[in-house]
Amino acid sequence: METQNIKRLVVLGGGESGVGAAILAKDKGMDVFLSDFGSIAPRYQEMLRQENIPFEEGQHTMERILAADEVVKSPGIPDTAPVIVALKSKNIPIISEIEFAGRYTDSKMVCITGSNGKTTTTSLIYHILRRAGIDAGLAGNIGKSLALQVARDPHPIYVIELSSFQLDNMYSFKANIAVLLNITPDHLDRYEYKMQNYINAKFRILQNLTPRDAFIYWQDDPVVSAQLRQITTEAAIFPFAEHQEENTAAYIDAEDELIIRTPAESMSMPRADLALHGLHNIYNSMAAGISACLLNIKRDDIRAALSDFSGVEHRLEPVRTLDGIEWINDSKATNVNSCWYALEAMKRPTVLILGGKDKGNDYSEILPLVNEKVKAIVAMGKDNAKIVEYFGTNTTLPVIDTHSLDEAIAACRAQATEGDTVLLSPCCASFDLFKSYEDRGTQFKDKVNAL
């Protein structure tokens, strides 16, 4: 729903979210200008030209940017960037694309955040809705820009994956169903290396919730539980846990059945029938199942969707088995906790590929699982000193230092034997050697499939 009349809007960042915001602004009659200090992909340049939206790349024309009434910022731009510092000094409001798009729609919003499992849970909820015949849109970190969908392809309900960076610049936006999966250290380099700052960002998903809204969260997460003791929410709460606890809305019972109970709908199904395996995926399925029940999806449709979901690319994705060695792409594991869940799911001796851009990682969290399941570590990155020193000191495992994907794969082939698994689950961001975690995972799959 439109709440204010902005005449001059500047969009910073020419990716999916930025271009979508620019098109929505144009449709609403605003004077819009898009600026990207880096390069803009050809497909997005073509979209902007077709819409006659002025843009620039490789620079920021500050005179034009500082003339804005409001700025929509790409989530990838940190607050320390000179352009953001300059905007703040002029008290020019800075918002996210999601915040901007939310002004122009009354559609129902199912929003998912957490340090791990966001993409899987978001995709699973979307899969359930589409399988049940619901006209839903997929947005946020995955899918298409929410702003672009609101402008040109509206849906009555949106399933939105939200990062802490997006939540940072959201103020009036409101979820109808807010899902918080977990909070573990991540992106601390963006939060002054203060865990509480990161926690506060994640909890912004509770902003503006009313008694008619729902808050779904992992009951056994110590960080979430501690924060909930300090704050309150008007929303109805629906916690999930591995075992039944007080007020638990989803859990696994003594017969290994997944139980989900909500006022709108209740259901059960054998845990063995779930398409996704591993404890972390049980939690993702619980969160998705509760969301679907609250949206009045029929239990048979929920069961069918939970049992035939094919998973998310770059998340525990089997690549191939060669000479009895299983290769798995978990490039989306860009933090330590995500790697923990991947290791927890491993059933065979594992050669683990770690490395990339460290975000203030504490590797002690995965040390017990490394000692239990890993036979060798292959460090892959420009600077692997922290990984080599930590695991070289705290384990008796071979730790091989490599600086390219080709070197890493060769090292894995030398360490792995029939019956083993090679797991790419890096714990780190990809930006030292790759464009993105998707680029890292795709290159890994291509190289492995070419062996």
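All figures in this text were calculated on a predicted structure; none of them were measured in a lab.

Provide a residue-level description of the nonpolar core, including the pertinent values.
With 48 residues, the main nonpolar core has Phe 100, Leu 146 and Ile 160 as its most contacted residues. Considering each element in turn, this core owes the most residues, six residues, to helix 1 (residues 16-27). Those residues in contact with Ile 160 that lie beyond four places of it in its chain are Ile 98, Met 109, Val 110, Cys 111, Ile 112, Thr 122, Ala 139, Gly 140, Leu 146 and Phe 173. Counting 44 residues, the second largest nonpolar core, distinct from the first, contains Leu 181, Met 269, Ala 292 and Cys 293.

Describe in detail the sheet that holds strand 5 (residues 94-95), supporting the description with residues and values.
Ordered in space as 3-2-1-4-5, the five strands form an open sheet in which the pairing is parallel. Pairing within the sheet leaves two strands with one partner each, and these edge strands are strand 3 (55-57) and strand 5. Where strand 1 (residues 8-12) meets strand 4 (residues 70-73), four bridges bridge the pair, whose relative direction is parallel. Counterpart to Leu 12 in the pairing with strand 4 is Lys 73.

Would you mind going over the pattern of salt bridges in detail, with residue names and values included?
Side-chain pairs of opposite charge can arise where the charged atoms are in close proximity. For the structure shown, the criterion picks out 18 salt bridges. Here Lys 26 and Glu 51 are joined by a salt bridge, their closest N and O atoms 2.8 Å apart. Taken together, the positions of Lys 26 in helix 1 and Glu 51 in the loop between helix 2 (42-50) and strand 3 put the pair 25 residues apart, joining distant regions of the chain. The exposure class of Glu 51 is buried, given its relative accessible area of 14%. Via salt bridges that share partners, Lys 26, Asp 27, Glu 51 and Arg 152 belong to a single interconnected network.

Now, about the side chain of Asp 420: what can you tell me, with residues and values included?
Tracing the chain through its elements places Asp 420 in the loop between helix 16 (405-415) and strand 20 (421-424). Setting aside chain neighbours within four positions, we find Asp 420 in contact with Gly 324, Ile 325, Glu 326, Arg 348, Pro 349, Lys 375 and Gln 415.

Tell me what's going on with the sheet that holds strand 16 (residues 325-329), and back it up with residues and numbers.
In sheet architecture, strand pairing relies on hydrogen bonds along the backbone and comes in two forms, parallel and antiparallel. The strand order 15-16-20-17-18-19 describes an open sheet built from six strands, whose pairing is mixed. Across the chains shown, the open sheet's two edge strands, defined by having one partner strand only, are strand 15 (317-322) and strand 19 (399-402). Strand-to-strand twist across the sheet, computed as the mean angle between neighbouring axes with direction ignored, equals 20°. Both strand 17 (residues 350-354) and strand 18 (residues 374-380) contribute to a ladder of five bridges, which runs parallel. The residue bridging Leu 354 from the neighbouring strand is Ala 379, located in strand 18. Lying on the sheet, helix 13 (residues 336-345) is in contact with strand 17, strand 18 and strand 20; it crosses strand 17 at an angle near 165°. Strands in contact with helix 16 are strand 15, strand 16, strand 17, strand 18, strand 19 and strand 20; relative to strand 18, the strand with the most contacts, it is inclined by about 165°.

Give me the state of the cysteines: which residues, what numbers.
One way to say it: the disulfide is the covalent bond shared by the sulfur atoms of two cysteines. Under the definition given, this model contains zero disulfides. Not part of a disulfide, Cys 111 finds its nearest cysteine sulfur in Cys 293, a span of 19 Å.

Describe helix 4 (residues 82-89), listing the residues and the values that go with them.
By the burial criterion, the buried members of helix 4 are Val 83, Ile 84, Ala 86 and Leu 87. Axial view of helix 4: buried residues confined to an arc of 160°, hence all on one face. The exposed residues of helix 4 that point more than 90 degrees off its buried face are Pro 82 and Ser 89. Immediately downstream of helix 4, the backbone of Asn 91 shows phi near 60°, a positive value.

Please provide a residue-by-residue account of the pairing of strand 19, values included.
The pairing of strand 18 with strand 19 spans four bridges and is parallel. Directly across from Ala 379, in strand 19, lies its bridge partner Asp 401. Taking the sense of rotation as the criterion, the β-α-β connection linking strand 18, helix 15 (residues 385-394) and strand 19 turns out right-handed.

Summarise the pairing of strand 9 (residues 177-180); cite the residues concerned and give the values.
Burial of the side chains of strand 9 extends over both faces: Ile 177 and Val 179 are buried on one face and Ala 178 and Leu 180 on the other. Examined bridge by bridge, strand 6 (residues 108-113) and strand 9 share four bridges and lie parallel to one another. Note on strand 9: the bridge partner recorded for Thr 113 is Leu 180. The sheet contact formed by strand 9 and strand 10 (residues 214-218) spans four bridges and is parallel. Across the sheet, Leu 180 pairs through a bridge with Tyr 217, a residue of strand 10.

Go over the packing of aromatic side chains, please, and point to the residues and values.
Counted under the stated rule, the structure contains nine aromatic pairs. Relative to Tyr 283, the ring of Trp 218 lies with its centre 4.7 Å away and its plane at 35°, an arrangement referred to as tilted. Of this pair, Trp 218 sits in strand 10 while Tyr 283 sits in helix 11 (residues 279-294); the two residues are 65 residues apart in sequence, bridging distant segments of the chain. Across this residue pair, the class does not change: Trp 218 and Tyr 283 are buried. Plain terms: the ring middles of Trp 327 and Phe 444 are 6.2 Å apart, the flat faces sit at 45° to each other, and that makes the pair tilted. One end of the pair, Trp 327, is in strand 16; the other, Phe 444, is in helix 17 (residues 437-449), and 117 residues separate them in sequence. Judged by relative accessible area, which is 1%, Trp 327 ranks as buried. Of the aromatic side chains, those joined through ring pairs into one cluster are Trp 218, Phe 240 and Tyr 283.

Describe unusual backbone geometry, naming the residues involved and giving the relevant values.
If you check the backbone angles, Asn 52 has positive phi at about 55° while not being a glycine. Checked against the element boundaries, Asn 52 lands in the loop between helix 2 and strand 3. The phi torsion at Asn 208 lies on the positive side, around 70°, for a residue other than glycine. Tracing the chain through its elements places Asn 208 in the loop between helix 9 (195-202) and strand 10.

Report on the side chain of Ser 163, specifying residues and quantitative values.
Following the sequence through the fold, Ser 163 ends up in the loop between strand 8 (157-161) and helix 8 (164-168). Other than its neighbours up to four places away in sequence, Ser 163 contacts Thr 113, Lys 118, Asn 141 and Lys 202.

What counts and how
Residues numbered from 1 in each chain as written. Predicted model: local features only at pLDDT ≥ 70, side-chain atom pairs only at ≥ 80, totals over all residues. Heavy atoms only, no water. Core = buried A, V, L, I, M, F, W, Y, C linked by side-chain atoms within 4.5 Å. Buried < 20%, exposed > 50% of the residue type's maximum accessible area, 1.4 Å probe, protein only. Helix = DSSP H or I, 4+ residues; strand = E, 2+ residues; numbered from the N terminus. Contact = heavy atoms within 4.5 Å. Pairing = 2+ DSSP bridges. Salt bridge = Lys/Arg side-chain N within 4 Å of Asp/Glu carboxyl O. Axes fitted to C-alpha atoms, helices over the stretch in contact; angles between N-to-C directions. Disulfide = S-S within 2.5 Å. Arc of directions from axis to C-beta. Right-handed = clockwise from strand over helix to strand, strands pointing away. Phe/Tyr/Trp six-rings, centres within 6.5 Å; stacked < 30°, edge-to-face > 60°.

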